[in-house]
Amino acid sequence: MKKQDFIVIGIILLAAVGIFAFLYFGNNGGAYVNVEIDGKTAESFSLDEDRVYTVKTENGTNILEIKDGYASVTEADCPDKICVRHRKINRNGESIICLPHRVVITVTDGEGDEIDLVS
């Protein structure tokens, strides 16, 4: 490899680290947790107040726990339990999804419209 190859690789690595740092550290914590069932908002809770909420759907039940500024699903009667094994969330845009129950739990900053980064 030539010296220029190492320089290009270094620049790419620095750019990747910079993008990662911006996305990880620049993403401020959210203020609210929205619970959506079949694409419709069912409830919204503040992350500042500890609570346990039972999400009941036609397909099953999930237990949402908000504690110490984090939200997590502690119990579910779905077969795979991926939502229960998901880590706690507290940053704007993070979500926990239970596909069998069609439940999406998302952290938002409460400022209204979110930016769709995918489209």
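A few points on the structure. Computed from a predicted structure; not experimentally measured.

**Comments concerning the sheet that holds strand β1 (residues 32-37)**
- What the four strands build is an open sheet, ordered β2-β1-β7-β6; its pairing is antiparallel. Of all the strands in the sheet, the pair left with one neighbour each is β2 (40-46) and β6 (95-98). Across the sheet, the mean angle from the axis of one strand to that of its neighbour is 15 degrees, orientation sign disregarded.
- Here six bridges tie β1 to strand β7 (residues 103-108), and the two strands are oriented antiparallel to one another. Across the sheet, Asn34 pairs through a bridge with Thr106, a residue of β7.

**A short note on the pairing of β1**
- Summarising the sheet, β1 and β2 pair through six bridges and their orientation is antiparallel. Residue pairing across strands places Ile37 opposite Lys40, the latter belonging to β2.
- Where β1 folds back on β2, the antiparallel hairpin that results is connected by two residues, among which Asp38 adopts a positive phi of roughly 55 degrees.

**Examining the pattern of salt bridges**
- Summed over the entire model, instances satisfying the criterion amount to three salt bridges.
- In this structure, Arg102 and Asp38 form a salt bridge, with 3.7 Å as the shortest nitrogen-oxygen distance. Here the residue Arg102 occupies a position in the loop between β6 and β7, and Asp38 occupies one in the loop between β1 and β2, the gap between them amounting to 64 residues.
- Judged by relative accessible area, Arg102 falls into the exposed class, the value being 52%.
- Residue classification places Asp38 among the partly exposed residues on the basis of a relative accessible area of 45%.
- Where Glu94 meets Arg87, a salt bridge forms, and the shortest distance between an N and an O atom there is 2.6 Å.
- For Arg87, a relative accessible area of 52% corresponds to the exposed category.

**As for the packing of aromatic side chains**
- Following the criterion strictly, the structure yields one aromatic pair and no others.
- Geometrically, the ring pair formed by Phe45 and Tyr53 is tilted, given 4.9 Å between the ring centres and 55 degrees between the ring planes.
- Overall, the relative accessible area of 6% leaves Phe45 in the buried class.
- The exposure class of Tyr53 is partly exposed, given its relative accessible area of 22%.

**Quick word on a nonpolar patch on the surface**
- Taken together, the side chains of Met1, Phe6, Ile9 and Leu13 present a nonpolar region at the surface, about 460 Å² in accessible area.
- Mapping Ile9 onto the fold places it in helix α1 (residues 3-25).

Conventions adopted
Residues numbered from 1 in each chain as written. Predicted model: local features only at pLDDT ≥ 70, side-chain atom pairs only at ≥ 80, totals over all residues. Heavy atoms only, no water. Pairing = 2+ DSSP bridges. Helix = DSSP H or I, 4+ residues; strand = E, 2+ residues; numbered from the N terminus. Axes fitted to C-alpha atoms, helices over the stretch in contact; angles between N-to-C directions. Salt bridge = Lys/Arg side-chain N within 4 Å of Asp/Glu carboxyl O. Buried < 20%, exposed > 50% of the residue type's maximum accessible area, 1.4 Å probe, protein only. Phe/Tyr/Trp six-rings, centres within 6.5 Å; stacked < 30°, edge-to-face > 60°. Patch = residues over 30% accessible without salt bridge, like charges linked within 9 Å, V, L, I, M, F, W, Y side chains within 5 Å. Areas by Shrake-Rupley, 256 points an atom, 1.4 Å probe, with all protein chains shown as cover.

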